[in-house]
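Examining the three-dimensional arrangement
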Amino acid sequence: MAASGSTGSATEPPGLETQRREIDNLTQNQQLRAGDSWYLLDKRWYDQWLEYVDTGDQNSSSYPGKIDNTELFEDLDSYHLKERLVENEDFVLVPAEAWHKLLLWYDMMDDQPALERKVIDLPSTVKVEVYPVEIHLCLFSNLENTVTAQFSRTDKIYALQQHIRQQFSLSETSECRLWMRNTDTSSERLRNLNMTVLDACLSSGMTVIMEIRNADGTWPTSRPQIMRNSADEDTYRGLPGVCGLTNLGNTCFMNSALQCLSNTPPLTEYFLKSLYLDELNFSNPLGMKGEIAEAYADVIKQMWSGRHFSVVPRVFKTKVGHFASQFLGYQQHDSQELLSFLLDGLHEDLNRVKKKEYIELRDADGRPDQEVAEEAWRNHLRRNDSVIVDTFHGLFKSTLVCPECRKVSVTFDPFCYLSVPLPVSKERVMEVFFVSLDPMAKPTQYRLIVPKAGRVFDLCAALAQATNVPPNQMAVADVFNHRFYKIYRPDESLSCILDRDDIFVYELSSGSLDQDTEEVFLAIYMRERSHYRDYGSGSNSYGTSLFGHPLLMSVPRTQCTREDLYELLLKRLARYVRPLDPSEEVEEEEEDEDGGDEEVELYKAQTNGVSDGASDCADEGEEDSEEAGPSKKEEDAQESTPIEENNSGHSEASPNSEGDARADEESSSSEQDRGSSTEEGQSASGSTDTNSQDATDGDQGAGAEHSGREAEENDEEEDGEGAASCIQANKRPPGRRRYVERRKKALFTIQTVNSNGTTERGMTDTGGSLSLSSQTYVAIDWDPDMKKKYYNENEAEKYIKHQSMDVPHQQNVVQLQECIELFTTVETLEEENPWYCPMCKKHQLATKKLDLWSLPEVLIIHLKRFSYTKYSREKLDTIVDFPLRSLDFSDFLLKKTSNSAEPPCTYDLISVSNHYGGLRDGHYTSYARNKDNGQWYYFDDSKVTYAREEQIVTNAAYLLFYQRQDKIRQPTVPPPVPSSTHPVNHITAQTPEDVDGASSCVSMETD
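What follows deals with the overall build of the protein chain. The helix and strand inventory of the protein chain stands at 26 helices and 46 strands. Counting all 1007 residues of the protein chain, 52% fall into the buried class. Per element, the accessible surface of the protein chain, about 47,100 Å² overall, is 48% carbon and sulfur.

If you want it as structure tokens, here you go:
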């Protein structure tokens, strides 16, 4: 008895001997091959069948009956195979052909499934997979509703995806992704649908979750931060593609490049149609395992969903930094470098060539260009075939000529973008402010033409022609924030000076900064003291703040006395500093008391060790003279300048060191004593409290340390007779010395400071002169009330524009075609990059020429604005005039020898990446034409505005994207009408001021 199936009638089987022979031949000679099917048979039934055929009697009682695998199942409801079954003890495996013969002869028990199992090729063996992997399947939207299915370890993940679609009735067009749940809290993406269940490490009992992409392009499991322009996020509907990108911190370079690529129609449509899913290359060692392509696809789908005002590309930024460490963090970068990495990464992630073969490149060796070019392109496609190659790759011809043997080497190489040089001018325009020696002359602004590779001396020479001042009597400095950022030497390169720097050129009385003369060069800052002492900084000195414009002066060392320096500065500032009226030039009388060494130390602690002393305990004759009041003649003879603790008038009166030391010591009276003595001084001089306080504050000079130190050294040297004269003159008991100081009121005080104008350092007094280095920074300190009364800020800020400033600055304008011609010009290789000549058997500085052979559908032109040489670094702000339509490359393409039809070579502009700023910093934006409505937009990070075509050509254009005219699709949506009252999608019309960056300017008023 046999049957063809569980429900069919049995067919007459062959003889028992024939059955045994046929089954033995199939089971003994069959090799395990991956993918073949084998079947499980209950061992008891199989043994009974063997006994039956061995008897040779078809009517034997050992007839096995229908195939029965009941003992192999846990239950007859689910027909789930029992665990830990052992081959040849519980079951036997027979090949498919043997199974079908037995089924035909004996039929099978009703409703029992056939236990078909696949042969799988494991890393170490080939075996029949008795126990498939049982996986739970569900949707992310409903994790409770799960179904269980069995899959072979060799099944592809794609099979799981299709099974889920069928089980949950999902559309084939809905984009999804799979997650493998490892634990209750962690899951892992199943990226590669062509990976097997075994390679994906899926095991029985695990759960696979399917996630469906939202309508706005986001994923439910990783919904990014979205910036909306509407309170109701779900109701926003905008034009697809008109979407900003949030700046994550110096990521404008990335946003600009992404906007340009987003508005490249063939690439964007490729991702929007999800064609990339079938071409993800997970095995390419040069790729990023498909992660860059997926991250880019997520950004594009969000931007083109029409449901976001601005997208935060944080996940994309993280992926880029992971695979390109130079983009880690939030430093400033180049949009062209990011674009280059991104195009290369997308190409490798989407490369259709799974295994690249080795191809040996051949030289032309005299063969026709057409033949060599076709061979080069075929070889390129054998290793590189992707949507990036289809869209952006072209071919150029490279010709090298050896200068010695004249060997000509011709190769054809693919390119992704053209980096074209800009014509470099040998001259540059600089604007400077010239400060004359004439104190009444206002600074004059000049516009000069200087050599681009010149030195600071060349700048001075150009200015000398306009001012008739010898170049060696000029000092050049960069002024920033009221101080000298840098003082340049004559031999320094002009490339160190940026166009935005505020350059001041000062006329000197004689010599230059590099000449070793008897001149002292003073860098002079203007400072304003606060009304209150700064106790919080650990001292009790007055706080100061810089203001105005600094000065550079050369002063003979012989005139470095305190009196002379004060008078020189007073004359130098005469234009905007009002001198004292004759009625105000009354001497101040100030009485100081000294309560001994303890009170001296107390005063030093109160004033940060700066004494107020300019009062010398002079001889009695002068004391008597002062008490009686000096005549006008004597007053004029006493030039008093409160630079330091010592007043210069008293220095002249008491030039001996002992008298100076004594005066320094005795002038360090307590603040209380100075207050009481000041009352008498005020009554004698008629000064107000403010002026008296100013005179007292002015005693904090740069020579405080020296005078205090000198007082300590000379304290023991004072003889009793000198001390007695002081006591007698002041009519005080021996324990308290008191004397009267008379001095001329001063407008300001002087301090030596560091180059920042902050740290105070002592001035050394040697015989009435100041011990200064060849270049010293000096601060003129103003009391706020004195500054308000005598310093004219409006006048100080005025300057004159020279007639050279009236001449319009003609910015260089070059045509894009000129740049392309430079790209195809013959050049000689640099020494760092020689060519190995196969004929000469050595490296040669050959001549090289590049020619365009074929152009891609989308042509990217990189304008090389950043120039780096051995000697200089600069950004070229030349305006490149590029056409928005009909850029014709027919004159630049090499003529083909064949008569085959060539694609047109006329292009239209579709997007521009802009860079504003210089080498140190800057900002990237972009213009782009929307593929759906043909409208131009200006993308500035998260801000999107309408743009007019006349705004696009600027000196900031950095990357140009052109598309071939025959591939441009006509707009499918009518262009919007910009309105100032009802902006479309909250987009406002852009003005030229929005584009042009604010230029840095000097805070001065034009006269």
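Let's shift gears to the pattern of salt bridges. Under the definition given, this model contains 43 salt bridges. Residues Asp47 and Lys43 are paired through a salt bridge, measuring 2.7 Å at the closest nitrogen-oxygen approach. Remark: Lys43 and Asp47 occur in helix α2 (residues 43-55); sequence separation between them is four residues, near one turn of the helix. Of the residues examined, Lys43 reaches a relative accessible area of 17% and is grouped as buried. With its nearest N and O atoms 2.9 Å apart, the salt bridge here joins Glu279 to Arg352. Note that Glu279 is positioned in the loop between α6 (265-272) and α7 (291-303) and Arg352 in the loop between α9 (335-349) and α10 (369-383), a separation of 73 residues in sequence. By relative accessible area, which is 18% here, Glu279 ends up buried. Since its relative accessible area comes to 30%, Arg352 is described here as partly exposed.

By the definition in use, this model includes 33 aromatic pairs. A ring pair is formed by Trp782 and Tyr791, whose centres lie 5.7 Å apart and whose planes are at 65°; its orientation type is edge-to-face. As far as the burial class goes, Trp782 and Tyr791 line up, both buried. Arg189 extends its terminal NZ or CZ atom over the ring of Trp179, reaching a point 5.8 Å from the ring centre. Against the face of Phe547 rests Lys787, its NZ or CZ located 4.6 Å from the ring centre.

What follows deals with the pairing of strand β42 (residues 922-929). Relative to β42, strand β41 (residues 906-917) runs antiparallel, the two being bridged by seven bridges. Note that in β42 the partner of Val912 across the bridge is Tyr927. Relative to strand β43 (residues 936-940), β42 runs antiparallel, the two sharing four bridges. What sits directly across from Tyr927, in β43, is Tyr938. What sits between the antiparallel neighbours β42 and β43 is a turn of six residues, in which Gly934 has the positive phi angle 75°.

Looking at the secondary structure, you find His333 in the loop between α8 (314-323) and α9. In this structure, the C-alpha to C-alpha distance between His333 and Asp921, residues 588 residues apart in sequence, is 9.3 Å. Every residue in contact with His333, bar those within four places of it in the chain, is listed here: Phe253, Gln326, Phe327 and Tyr924. Within the structure, the side chain of His333 is placed 3.1 Å from the backbone oxygen of Gln326, a separation counted as a polar contact.

Moving on: the sheet that holds strand β2 (residues 91-95). Read from one edge to the other, the open sheet built from four strands follows the order β2-β1-β3-β4, with strand pairing classed as antiparallel. What marks the edges here is a single partner per strand, and that holds for β2 and β4 (126-128). Direction aside, the axes of adjacent strands within the sheet are offset by 30° on average. Relative to strand β3 (residues 116-121), strand β1 (residues 37-42) is paired through three bridges, and the arrangement is antiparallel. Opposite Trp38, over in β3, you have Arg117 as the bridge partner. α2 rests against β1 and β2 of the sheet, and its axis sits at about 85° to β1.

So, about the sheet that holds strand β5 (residues 133-139). What the five strands build is an open sheet, ordered β6-β5-β9-β7-β8; its pairing is mixed. Whereas interior strands pair on both sides, the edge strands pair on one side only; in this sheet they are β6 (142-151) and β8 (187-190). On average, adjacent strands in this sheet sit at an angle of 30° to one another, irrespective of strand direction. Across six bridges, strand β7 (residues 176-181) lies against strand β9 (residues 207-212) in antiparallel orientation. When the sheet's bridge partners are listed, Cys176 is paired in β9 with Ile212.

Core analysis: the largest hydrophobic core is formed by 49 residues, its most contacted members being Leu261, Phe271, Tyr296, Phe316, Phe392 and Phe961. Every element with two or more residues in this core is listed here: α5 (252-262), α6, α7, α8, α9, α11 (387-392), β36 (858-864) and β45 (957-964). The contact partners of Phe271, leaving out residues within four places of it in the chain, are Tyr276, Ala293, Tyr296, Ala297, Ile300, Lys301, Leu346 and Leu350. Listed in part, the 46 residues of the second largest apolar core include Ala475, Met553, Leu565 and Val753.

Rules of the game
- Sequence order as written defines the numbering, with residues in each chain counted from 1.
- At least 70 in pLDDT is required for a residue's local features to be given in this predicted model, at least 80 for side-chain atom pairs to be given and counted, and no such filter applies to totals for whole chains, interfaces and linings, which use all residues.
- Here the side-chain values reflect all heavy atoms present in the structure, with hydrogen atoms and water set aside.
- Strands here are runs of E lasting at least two residues and helices are runs of H or I lasting at least four, both read from the DSSP assignment and numbered beginning at the N terminus.
- Each residue is placed in one exposure class: buried if its accessible area under a 1.4 Å probe, protein chains only, is under 20% of its type's maximum, exposed if it is over 50%, and partly exposed if it falls in between.
- Here the open area of atoms and residues is found with the Shrake-Rupley method and a 1.4 Å probe, where only the protein chains shown may cover a residue.
- Any Lys or Arg side-chain nitrogen located within 4 Å of an Asp or Glu carboxyl oxygen qualifies as a salt bridge.
- Think of it this way: a Phe, Tyr or Trp ring, Trp meaning its six-membered ring, pairs with another when their centres are within 6.5 Å, and the plane angle makes it stacked under 30 degrees, edge-to-face over 60, tilted otherwise.
- Two conditions define a charge located above a ring, namely a distance within 6 Å from the ring centre to NZ of Lys or CZ of Arg, and an angle within 35 degrees of the ring normal.
- By this definition, two strands are paired if DSSP reports at least two bridges between them.
- Here, two residues are considered to be in contact whenever any of their heavy atoms come within 4.5 Å of each other.
- Pairing of N or O atoms within 3.5 Å defines a polar contact, subject to two protein rules: one partner must be a possible hydrogen donor and the other a possible acceptor, and residues neighboring in sequence count only if both atoms are side-chain atoms.
- Each axis is a line fitted through C-alpha atoms, and for a helix only the stretch in contact is used; angles between axes span 0 to 180 degrees, taken between their N-to-C directions.
- Buried residues of nine kinds, namely Ala, Val, Leu, Ile, Met, Phe, Trp, Tyr and Cys, make up a nonpolar core once their side-chain atoms join them within 4.5 Å.

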